[in-house]
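# Coordinate inspection notes
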Amino acid sequence: MRATTIHAPFDMRVEDVPDPVVVLPTDAVVRVLRACVCGSDLWAYRGEAKREPGQRIGHEFLGIVEETGSEVTGVRRGDLVVAPFMWSDGVCDYCREGLTTSCEHGGFWGSVGYDGGQGEAVRVPYADGTLVQLPADAASDDHLLSALLTLSDVMGTGHHAALGAGVREGSTVAVVGDGAVGLCGVLAAKRLGAERIIALGRHQVRTDIARRFGATDVVAERGDAAVEAIRALTKGQGAHAVIEAVGTEQSMKTAVNITRDGGAIGFVGVPHGSGTGLDLGVMFDRNIALRGGVAPVRTYIPELLPDVLDGTIDPSPVFDLTVGIEGVPGGYKAMDERTALKVLVTN
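Just so it is clear, the model here is predicted, and its values are computed rather than measured. (Residues numbered from 1 in each chain as written. Predicted model: local features only at pLDDT ≥ 70, side-chain atom pairs only at ≥ 80, totals over all residues. Heavy atoms only, no water.)

## A few points about the pattern of salt bridges
- One pass over the full model with this rule turns up 16 salt bridges.
- In the salt-bridge network here, residues are joined through shared partners; they are Arg2, Asp16 and Glu326. (Salt bridge = Lys/Arg side-chain N within 4 Å of Asp/Glu carboxyl O.)

## A short note on the environment of Asn347
- Relative to the elements of secondary structure, Asn347 occurs in the segment after strand 18 (343-346).
- Asn347 sits in the partly exposed class, given a relative accessible area of 37%.
- When the C-alpha atoms of Asn347 and Val21 are compared, they prove to be 19 Å apart, with 326 residues separating the residues in sequence.
- In contact with Asn347, other than residues within four places in its own chain, are Val32, Leu33, Arg34, Gly119, Glu120 and Ile325. (Helix = DSSP H or I, 4+ residues; strand = E, 2+ residues; numbered from the N terminus. Buried < 20%, exposed > 50% of the residue type's maximum accessible area, 1.4 Å probe, protein only. Contact = heavy atoms within 4.5 Å.)

## Considering the sheet that holds strand 4 (residues 55-56)
- Read from one edge to the other, the open sheet built from 3 strands follows the order 2-1-4, with strand pairing classed as antiparallel. Edge positions in the open sheet fall to strand 2 (11-16) and strand 4, since each of these has one partner strand only.
- Both strand 1 (residues 2-8) and strand 4 contribute to a ladder of 2 bridges, which runs antiparallel. When the sheet's bridge partners are listed, Ile6 is paired in strand 4 with Gln55. (Pairing = 2+ DSSP bridges.)

## As for the sheet that holds strand 13 (residues 217-219)
- What the 6 strands build is an open sheet, ordered 13-12-11-14-15-16; its pairing is parallel. The two strands at the open ends of the sheet, each matched to only one other strand, are strand 13 and strand 16 (289-292). For this sheet, the mean angle separating the axes of adjacent strands, direction not counted, is 20°.
- In the packing of helix 9 (residues 249-257) onto the sheet, the strands contacted are strand 11 (172-176), strand 12 (196-200), strand 14 (239-244), strand 15 (259-267) and strand 16, and the crossing angle to strand 15 comes to about 145°. (Axes fitted to C-alpha atoms, helices over the stretch in contact; angles between N-to-C directions.)

## Some details on the packing of aromatic side chains
- A complete count under the given rule lists 6 aromatic pairs for this structure.
- Their ring planes at 75° and their centres at 5.2 Å tell us that Phe61 and Trp109 sit as a pair that is edge-to-face. Of this pair, Phe61 sits in strand 5 (residues 61-68) while Trp109 sits in the loop between strand 8 (107-108) and strand 9 (121-124), and the two are 48 residues apart along the sequence.
- Since its relative accessible area comes to 5%, Trp109 is described here as buried.
- Taken together, Phe61, Trp87, Trp109 and Tyr114 form an aromatic cluster joined through their ring pairs. (Phe/Tyr/Trp six-rings, centres within 6.5 Å; stacked < 30°, edge-to-face > 60°.)

## Here we look at the side chain of Asp178
- Mapped onto the fold, Asp178 is located in the loop between strand 11 and helix 6 (180-191).
- Of the polar contacts made by the side chain of Asp178, one reaches the side chain of Arg206; its length is 3.5 Å.
- The contact partners of Asp178, leaving out residues within four places of it in the chain, are Leu183, Leu200, Gly201, Arg202, His203, Arg206, Arg338 and Leu341. (Polar contact = N/O pair within 3.5 Å; in protein donor to acceptor, adjacent residues only side chain to side chain.)

## Topic: the nonpolar core
- If you look at the biggest cluster of nonpolar residues, it comprises 53 residues, and the most contacted ones within it are Leu62, Leu148, Val167 and Val173.
- Ranked by residue count, the leading element in this core is helix 6, at 8 residues.
- Leave out the neighbours within four places in its chain, and Val173 touches Val167, Ala189, Ala194, Arg196, Ile197, Ile198, Ala239, Ala241 and Ile243.
- Among the nonpolar cores identified, the runner-up in size contains 33 residues, and Phe61, Val75, Ala127 and Leu131 belong to it. (Core = buried A, V, L, I, M, F, W, Y, C linked by side-chain atoms within 4.5 Å.)

## Here's the deal with the state of the cysteines
- This model, assessed by the stated rule, comprises 0 disulfides.
- In this structure Cys36 is a free cysteine whose sulfur lies 7.1 Å from that of Cys38, the closest cysteine sulfur available. (Disulfide = S-S within 2.5 Å.)

## Overview of the environment of Met252
- Among the secondary structure elements, Met252 is positioned in helix 9.
- Along the chain, Met252 and Asp16 lie 236 residues apart, while their C-alpha atoms are 41 Å from each other.
- Setting aside its immediate chain neighbours within four residues, Met252 contacts Glu244, Ile265, Phe267, Thr276, Gly277, Leu278 and Leu290.

## Quick word on helix 11 (residues 297-309)
- Spanning 13 residues, helix 11 covers 17 Å between terminal C-alpha atoms, matching the ideal 18 Å at 1.5 Å per step.
- When we look at burial in helix 11, the residues that qualify are Val297, Arg298, Tyr300, Ile301, Leu304, Leu305, Asp307 and Val308.
- Against the buried residues of helix 11 lie strand 6 (80-83), helix 3 (127-130), strand 10 (132-134), helix 4 (142-149), helix 5 (154-164) and helix 6.
- Phi for Gly311, located one or two positions after helix 11, is positive at around 85°. (Expected span 1.5 Å × (residues − 1).)

So far we have only geometry, and geometry alone does not tell us how the molecule works.
Next comes the structure, spelled out in structure tokens:
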């Protein structure tokens, strides 16, 4: 089959690799219909996250079950399924508590020795604990498939940030980051009943999507100027809930400084950089809470799926460039150069 591999910074290739097969009785093989490139993939692309030459890549996909191991009972050949960005067994203590990203037997797609989502097929460990079945007729609806694909990562991650930030009915929310996760954070905040949503971003294409998703205000400034602008919009108090979806020292510093006393930050931006941006003294004095981390999206899919299916939420506009499998390297380049927000890969 064809699959995307990474060999060095900025060196992405689509190559022939062995077809996946069932190895363990808990495995399934899924033929990929839709995948995508994540903003976090760019850290490997830029050489800021280590990868071995030839390693697979991609962690968001949905597709058709082609084969199952003898112990798989939850899905069968022909089912349309979506996979969260980590596999999990569904039965360990962490999975039972909803923290599937800490599964004792879990792992990331594209890890050494495992398939990545940006290929024609994937061997799925612990298929019963990992895969979520989708309505069969969705396979013929391109728009719906795009929306459903966001459940593999960005929509669930935006939801995780909103929960961590304590978004509730009538609250004021600020979202730091105008990438796909930040935009899905806007959508998640709207879904949870936020009254005012302030999106921080300076790229009109992205802020237009933010407004479409429910943002009531847009702040284009950065740093201290952004803090002043948000304070001006909130009677000097700041936002009850702040979603941090970037992961840099500056973005976290901004998040702390725009949070209202007694508020909370939900952080889901993959941390990178030399520092954290956190001043514990400030957070202590102002009673600011910090929650978030790697989103257990497998836990959230059953909750979010009905709203995607009935159109209550439609995250699909985060995809603004579509490529076939052979075009994936160009998709990385487009996202790195910020000429694309999020690249959809079709098979």
